[in-house]
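# Descriptive analysis of the structure
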Amino acid sequence: MLPFFTAFPPDPLYAQTQASAYDELWQFAKLHDNEENTELQSVLLSGRFHYEHATVHGNDQAHHEWNVRRMRLGVKSEFVHQFTLHVEAEFNPQERDPFYKRLTSTYVEWSRSPSLAVTVGKQGVMFTMDGSTSSTELLTIDRSNLSNNMWFPQEYMPGVSVSGETSNWVYHLGAYSAGDRNREFGRLNGGLVTLAVLGYNAAEAMGVDQALVSFNYVYQNPNTNNTFTRQLEHVTSVNFRLEDGRWGVRTDVSMASGYQGQSDLWGTMIMPFLSVTDKLQVVGRHTYLRGGHNGVRLARYDKYLTGVQGDLYKEFYLGANYYFYGHNLKLQSGVQFADMSDSANDGGIYSGVAATTGLRVSW
């Protein structure tokens, strides 16, 4: 898939300017690399390994755990200078039952230029700020609770998409099956999810490295079999990425209309960041999320203390990232202060602090 929509490239600040031991190590992922070959240009191992420790305290309770958050392995190949085949699966070495969890990226893409790529197969459905950022390139250790509630955390769905970039404009159009999910392509027995993304990068006009504003719109046919997704019929998200040298900020304003008991939602997220050195980065985030009766979910580790939903969520996050080898090898740590109100008063009131530290490796 085109880079604009899989993940934005790492800031040049973290690029390696000379050969290193990391360069030599990551070369082992290249099984074949020959642009002069007219039939097969590359065969690359792809994958990621994310390991973390989390501790959360709230509502006079506590939870601690070590967690293999993600382990994915696959192969990505380019052939005849126009096609890319990517097959990747997620595994669970911690519980090991089942060890094989699901297929993730499993698609064929055709592209002759950056302005047009057609992708068929199981692929990421990317909208909202953090939902459109690969888990390998998140600046916080986890996605915001705005994306957790409005994006589709299953992420990979079977479908067809068209994407590209031309001049300062970027676009992405896709249609995906939201039917009964399984570990592969699902049963294709539900409605469709359609996604439209249009973005404009005003970096040149503003004299900065990046100034991309994106409009995202999602529609899915309300269907009881749609288990790849959240119960949201319409989702609209406007997000903005501003970066210049060592500093930047990312924002998101999103709203969604629910069905089958899911209330309407709206929320905001702002995430400033500053690179203190070439390797050390500090990140802050504030998330505000409001829904109707029991319409808002808590974040990942907070849910261990109360699984009941509420209607108003506020979060402050402060974190630090140390980049050993750009986004390919980094250590991330963050502290999250979260509060949720529950007008129904049926157990969703929450106030807590969570601290998470994790090693992120990708290739």
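Per chain, the residues get numbers from 1 upward, laid out in the order the sequence is written. Only residues with pLDDT of at least 70 are given local features in this predicted model, and only at 80 or more are side-chain atom pairs given and counted; all residues enter the totals for whole chains, interfaces and linings. Side-chain figures throughout are based on the complete set of non-hydrogen atoms in the structure, without hydrogens or water.

## Details of the pattern of salt bridges
Applied cut-off: Just to be clear on terms, a salt bridge is a Lys or Arg side-chain nitrogen sitting within 4 Å of an Asp or Glu carboxyl oxygen. The rule is simple: take the accessible area with a 1.4 Å probe, protein chains only, and divide by the maximum for that residue type; under 20% is buried, over 50% is exposed, in between is partly exposed. A helix here means a DSSP run of H or I that spans at least four residues, while a strand means a run of E at least two residues long, and both kinds are numbered starting from the N terminus.
One pass over the full model with this rule turns up 10 salt bridges. Salt-bridge contacts for Lys 30 lead to Asp 33; the nearest nitrogen and oxygen are separated by 3.8 Å. The exposure class assigned to Lys 30 is partly exposed, which follows from its relative accessible area of 39%. The class for Asp 33 is partly exposed, based on a relative accessible area of 47%. Between Arg 72 and Glu 90 there is a salt bridge, with its nearest N and O atoms 3.7 Å apart. A residue pair is termed long-range when its members are at least 10 positions apart, and Arg 72 in strand E3 (residues 61-79) and Glu 90 in strand E4 (residues 83-91) qualify at 18 residues. In this structure, a network of salt bridges that share partners links the residues Glu 52, Arg 69, Asp 142 and Arg 360.

## A word on the side chain of Lys 122
The cut-off we apply is this: Note on charges: Lys and Arg go in the positive column, Asp and Glu in the negative column, and His and the chain ends are not counted at all. Think of a polar contact as two N or O atoms within 3.5 Å of one another; within protein, one of them needs to be a possible hydrogen donor and the other a possible acceptor, and neighboring residues in sequence only count if both atoms come from side chains.
Here Lys 122 is to be found in strand E6 (residues 116-124). Buried and unpaired, Lys 122 has Glu 184 as its nearest opposite-charge partner, separated by 7.2 Å. Separated by 2.9 Å, the side chain of Lys 122 and the backbone oxygen of Leu 103 make a polar contact.

## Some words on the side chain of Asn 201
Following the sequence through the fold, Asn 201 ends up in strand E9 (residues 192-201). One polar contact links the side chain of Asn 201 to the main-chain amide nitrogen of Ala 211, over a distance of 3.0 Å.

## Some points on the pairing of strand E2 (residues 40-58)
Defined as follows: Strands are treated as partners if at least two bridges between them are detected by DSSP.
In this sheet, E2 lies alongside strand E1 (residues 30-33) in antiparallel orientation, the contact comprising three bridges. Within E2, the residue paired with His 32 across the bridge is Val 43. The antiparallel hairpin formed by E1 and E2 contains six residues in its connecting segment. Sheet analysis places E2 next to E3, joined by 18 bridges and oriented antiparallel. What sits directly across from Leu 45, in E3, is Val 75. Between E2 and the antiparallel strand that follows it, E3, lie two residues; Asn 59 among them carries a positive phi value of about 50°.

## Points about the packing of aromatic side chains
Under the convention used in this document: In this analysis, rings of Phe, Tyr and Trp, with Trp reduced to its six-membered ring, are considered paired at centre separations within 6.5 Å, and the interplanar angle assigns stacked below 30 degrees, edge-to-face beyond 60, and tilted for intermediate values. Criterion for a charge above a ring: Arg CZ or Lys NZ at most 6 Å from the ring centre, at most 35 degrees from the ring normal.
Counted according to the given criterion, the structure contains 13 aromatic pairs. Pairing Phe 79 with Phe 83 gives two aromatic rings, centres 5.6 Å apart and planes at 10°, and the pair type is stacked. When its relative accessible area of 28% is taken as the criterion, Phe 83 is described as partly exposed. Both rings, one in Tyr 322 and one in Phe 324, keep their centres 5.0 Å apart while their planes meet at 70°; by these two values the pair is edge-to-face. Residue classification places Tyr 322 among the partly exposed positions, given a relative accessible area of 34%. Through a chain of ring-to-ring contacts, the aromatic side chains of Tyr 22, Trp 26 and Tyr 325 assemble into a single cluster. It is Arg 285 that lies over the ring of Tyr 317; its NZ or CZ is 4.8 Å from the centre.

## Some thoughts on the pairing of strand E8 (residues 169-177)
Relative to E8, strand E7 (residues 156-166) runs antiparallel, the two being bridged by eight bridges. When the bridges of E8 are listed, Thr 166 appears paired with Trp 169. In this structure, the hairpin formed by E7 and E8 is closed by a connection of two residues, where Ser 167 is found at a positive phi of approximately 55°. Bridge analysis of E8 against E9 gives nine bridges, and the strand direction is antiparallel. Residue pairing for E9: Val 170 is matched across the bridge by Gly 199.

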